[in-house]
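Each chain is listed here by its residues.
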Amino acid sequence: MSSKLPQKESGIFKKIVRCYECKQYKNGLKFAKQILSNHKFSEHGETLAMKGLILNCMGRKEEAYEHVRRGLKNDIKSHVCWHVYGLVQRSDKKYEEATKCYRNALKWDKENVQILKDLSLLQIQMRDLEGFRDTRYQLLKSRPAQRGSWIGYALSYHLLEDYEMALKVMAEYRKTQTISTQQPDYEFSEMILYEVQLMQEAGRTENALCHLNEFYMQICDLLALNEARAEIFFEKGMLRESEKLYRILVRRNSNCYHYFNRLEQCLGLETSEEKLKLYEELRAEHPYSKVARVLPLMVATDDVFTSYLESYLQSELHKGVPSLFIAIKGLYKDPQKVRCLESVLNGYRDSLRSCQCFSPSGGRAGEPPSTYLWTLFLLSQHHNQLGCHSLALELINEAIDHTPTDVLLYMHKAKIYKCAGDFQEASVWMEETRSMDTADRFVNCKCVKYQLRVNDVDMAITNAGMFTREGLPPLQTMDMMQCMWFQTELGMAYHRLGRLGEALQKFHEVDKHFSDMIEDQFDFHNYCMRKMTLRAYISVLKLEDTVRSHRFYFIAAKNAIEIYLHLHANPAAAKASLNGPIEGEDEMSAAERKKIQRKQRKAQLKAQAKAQEDKKENRPHGGGKQEEEKKVEEKESKFNAKDLLAVSQPHSTSDTRTHTFTYKCTSHTHTRVCHRQRSLWMRP
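Residues numbered from 1 in each chain as written. Predicted model: local features only at pLDDT ≥ 70, side-chain atom pairs only at ≥ 80, totals over all residues. Heavy atoms only, no water.

What about the overall build of the protein chain?
Per the secondary structure count, the protein chain includes 37 helices and 0 strands. In the protein chain, which comprises 684 residues, the share counted as buried stands at 45%. In the protein chain, the proportion of contacts linking residues at least 24 apart, taken out of those at least 6 apart, comes to 58%. Counting only carbon and sulfur atoms, one obtains 51% of the accessible surface of the protein chain, whose full area is about 36200 Å². (Helix = DSSP H or I, 4+ residues; strand = E, 2+ residues; numbered from the N terminus. Buried < 20%, exposed > 50% of the residue type's maximum accessible area, 1.4 Å probe, protein only. Contact = heavy atoms within 4.5 Å. Areas by Shrake-Rupley, 256 points an atom, 1.4 Å probe, with all protein chains shown as cover.)

Encoded structure:
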């Protein structure tokens, strides 16, 4: 059927498109009905396609696909129908199918800017970088006056690591811009800094420096400007200029280790005496800098180290800093410094106990009682780090007797038991800690974690529910918040308890979170190019490419692989996990057990057949029975080891366990099955 509509119907069709763009879906359906109710245009392809698109936005997927396919069938040469079909496919994350639809749409309208934009977004999402470059070139030819066309084209070459071409495109675009002399423009500033990043990645540091000097007054982000200039000066060997800039950066942030290390390198400091002199100078300039006080402990030795250590410890213990142990944890790489630390702390403990000062021979007198408490706390942490758990326990008990109301002491006592391997006792003490301060979310999370480690699942879920949204089950809220530490710990607890179905559910929820993170970047492709946040955008793309190397994903994948291998090696366990335990199974004969299992299997097949029949007849599912049948179907599909089990190596090739599991997978199962299942975990 021809896609041409008379003037009246053509005006109504434009209203349908406008309603879709404004999300006025009900009005859009009314206008579509006006056209389709006319017997002359009842099979008008583009109107049917637009109606399907609106139905898709309203969540009526089956009707949407039916209308779009009908529209495409009636007008297969319409770019609108193909474009709409691509949009519907994209909403279901079928990116490859959507790409094919967009390409078909471009066959009938090669210069359609909207289709080209949608195609380019899919290509960058799927990392089809060469296709992305070609599409952005088409957009640049169609709309050379638009900024997004130039920026997208330059980005395509950047991602392909063709820095020279990317810089040429950016230079051509910059010629079309007028530089504001009154006040800096943020978007122009970001463009200049992006060009500098391109030059640095291309190894053209001289050009990058000239570029920064040329547009110095137009750059708004002074921190990025100074960091870029300092790094360029350092790479070029202009150490004096680099030193000046890093001193400026230290004044801005005196707790950045990188700035301090670069200052050392700029000054060419090699001996500990030279470094200590620099730290003293910086400490005098920045008295509140933690880094300037901690770094001397890392480089000083012998008596000089003892002097710095005593000065630092006395100040922090007097203030009562709970995180003191974290600050000095780097000292444990040197056994000599560890012995010195232990000697100093033992002396402080004895002296504070006897005369309430750090040293009987001198020093500040009349230390508050809290100083003795924090000394015991730090000494207990020290012995726990060294593996002397009994001594650490004695010290923390003494600290608790001294101040029985401090929550941190009880938390550390639970940690000592955990490090000693007594998880049950650790859980008891962490529950005691939680009961002392029920409003502390951090303590509550620690308590939940310890309880899951001892497989106390019900209590852990109850405690976790204290800080979740009211009216919703805790597990649902945790899933909505993508609380992966909880889901991995809960999954491992289920695994240890033998509840393999529930364990797999939690591990697949973690996998879904990572899939959602990758999908969520789709909305930022167009936004970042439009808002000129190009440096941050490139960083996000690089992060998304490696997001599945995160430890939470590795833990979930590792445990899922172990479960699937166990189910593959033990088919009886897989059936038991699917069908559930049989009452009185131990007293049954093998024939009786098989008979009951056959009945269960028949009931499941019957439930599946009924669900399929209801689906064909479009009957709504209602009541608990249908929900149970649906759960049975989902449960069965999860345990079909040959079709849906996700057994593969995650994105952690440097970890030897990855290759161990790959070997186990290929040795226990057929190679073809493993390769098929690997794709489920190794999505790009």
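Having put the structure on the table, let's press on.
Details of helix α3 (residues 45-57)
The terminal C-alpha atoms of α3, which comprises 13 residues, lie 19 Å apart, in line with the 18 Å expected from a rise of 1.5 Å per residue. For α3, a buried count of 11 out of 13 residues is recorded, marking the element as mostly surrounded by other parts of the structure. For α3, the full list of buried residues reads G45, E46, T47, L48, A49, M50, G52, L53, I54, L55 and N56. Residues of α3 that are buried sit in contact with α1 (7-21), α2 (25-36), α4 (61-74) and α5 (79-91). Of the residues flanking the end of α3, it is G59, one or two places downstream, whose phi is positive at about 90°. (Expected span 1.5 Å × (residues − 1).)

Things to note about the pattern of salt bridges
By the definition in use, this model includes 31 salt bridges. One salt bridge connects D545 with R127, and the closest N-O pair in it is separated by 3.0 Å. Highlighted residues: D545 in helix α31 (residues 534-545) and R127 in the loop between α7 (113-125) and α8 (129-142), separated in sequence by 418 residues. Look at D545 and you get partly exposed, because its relative accessible area is 46%. Accessibility expressed as a relative area gives 24% for R127, which makes it partly exposed. Note that E190 and R535 form a salt bridge whose closest N and O atoms lie 3.0 Å from each other. With a gap of 345 residues between them, E190 in helix α11 (residues 186-201) and R535 in helix α31 connect regions that are remote in the sequence. Assessed through its relative accessible area of 5%, E190 is described here as buried. (Salt bridge = Lys/Arg side-chain N within 4 Å of Asp/Glu carboxyl O.)

Let's talk about the nonpolar core
If you look at the biggest cluster of nonpolar residues, it comprises 106 residues, and the most contacted ones within it are L309, L313 and I328. Per element, the largest residue contribution to this core is 8 residues, and it comes from α11. Apart from residues no more than four positions distant in its own chain, L313 is found in contact with L324, I328, L341, V344, L345, Y348 and L378. In this structure, L53, A64, V80 and F522 belong to the second largest nonpolar core, which totals 39 residues. (Core = buried A, V, L, I, M, F, W, Y, C linked by side-chain atoms within 4.5 Å.)

What to know about α8
Given 3.6 residues to a turn, an α-helix orients residues that are three or four positions apart in the same direction. An ideal rise of 1.5 Å per residue puts 20 Å on 14 residues; α8 measures up with 20 Å between its terminal C-alpha atoms. Tucked into the core, α8 has its buried residues touching α7, α9 (147-159) and α30 (522-531).

Some details on the packing of aromatic side chains
Per the stated rule, a full pass over the model turns up 12 aromatic pairs. Measuring from centroid to centroid gives 5.6 Å for Y137 and Y153, while their planes differ by 35°, and the two rings are tilted. Linking Y137 in helix α8 with Y153 in helix α9, this pair joins segments that are 16 residues apart in sequence. Its relative accessible area of 8% is what places Y153 among the buried residues. Members of the aromatic cluster, connected to one another through ring pairs, are Y137, Y153 and Y157. It is K413 that lies over the ring of W429; its NZ or CZ is 3.6 Å from the centre. Sitting above the plane of the F552 ring, R551 keeps its charged end 4.6 Å from the centroid. (Phe/Tyr/Trp six-rings, centres within 6.5 Å; stacked < 30°, edge-to-face > 60°. Lys NZ or Arg CZ within 6 Å of the ring centre and 35° of its normal.)

Section: the packing of helix α29 (residues 500-520) against α30
Viewed as axis vectors pointing N to C, α29 and α30 meet at an angle of 30°, and their least axial separation amounts to 5 Å. With respect to each other, α29 and α30 are oriented roughly parallel. Contacts between α29 and α30 involve I518, E519 and D520 from the former and F522, D523 and F524 from the latter. (Axes fitted to C-alpha atoms, helices over the stretch in contact; angles between N-to-C directions. Parallel < 35°, antiparallel > 145°, perpendicular 65-115°, else oblique.)

Some details on the side chain of E489
Assignment of secondary structure puts E489 in helix α28 (residues 484-497). For E489, a relative accessible area of 6% translates into the label buried. Those residues within four positions of E489 in sequence are excluded, and the remaining contacts are K449, L452 and R453.

A closer look at the packing of α7 against α30
The description of two helices packed together rests on the angle between their axes and the distance between the axes. Interhelical geometry of α7 versus α30 gives an angle of 115° and a closest axis separation of 9 Å. The hand of the α7/α30 crossing is right-handed. Across the interface between the two elements, L121, L122, I124 and Q125 of α7 pack against F522, H525 and N526 of α30. Along the lines of polarity and charge, the residues of the contact of α7 with α30 split into 4 nonpolar, 3 polar and no charged. (Left-handed = near helix turned anticlockwise from the far one by under 90°. Nonpolar A, V, L, I, M, F, W, Y, C, P; charged D, E, K, R; others polar.)

Observations concerning the environment of Q24
Along the polypeptide, Q24 turns up in the loop between α1 and α2. Along the backbone, Q24 and I54 are 30 residues apart, and their C-alpha atoms lie at a distance of 9.1 Å.

Some points on unusual backbone geometry
Even without a glycine there, the phi angle at D302 is positive, about 55°. When you line up the elements, D302 lands in helix α18 (residues 302-319). For Q356, which is not glycine, the phi dihedral falls at a positive 55°. With respect to the secondary-structure elements, Q356 resides in the loop between α20 (335-355) and α21 (369-386).

Things to note about the environment of T205
Mapped onto the fold, T205 is located in helix α12 (residues 205-214). By relative accessible area, which is 17% here, T205 ends up buried. Separated by 27 residues in sequence, T205 and I232 have C-alpha atoms that sit 6.1 Å apart. Not counting residues within four places of it along the chain, the set of residues in contact with T205 comprises M199, I232, E235 and K236.

Overview of the confidence of the model for the protein chain
Of the residues in the protein chain, 83% have a pLDDT of 70 or more, and the chain-wide mean is 85. Throughout residues 582-586 the model reports pLDDT below 50, and contacts reaching past four residues in sequence, or to other chains, amount to 7 contacts. (pLDDT = per-residue confidence, 0-100.)

Some thoughts on the side chain of D406
Mapped onto the elements of the fold, D406 is located in the loop between α22 (389-402) and α23 (407-420). Despite its burial, D406 remains without a salt bridge, the nearest opposite charge being carried by K413 at 14 Å. Within polar-contact distance, the side chain of D406 engages the backbone nitrogen of L408 at 2.9 Å. In contact with D406, other than residues within four places in its own chain, are L373, W374 and M436. (Lys, Arg positive; Asp, Glu negative; His and termini not counted. Polar contact = N/O pair within 3.5 Å; in protein donor to acceptor, adjacent residues only side chain to side chain.)

Considering the environment of K4
With respect to the helices, strands and loops of the structure, K4 is situated in the segment before α1. The spacing of K4 and E46 is 42 residues in sequence and 9.6 Å in space, taken between C-alpha atoms.

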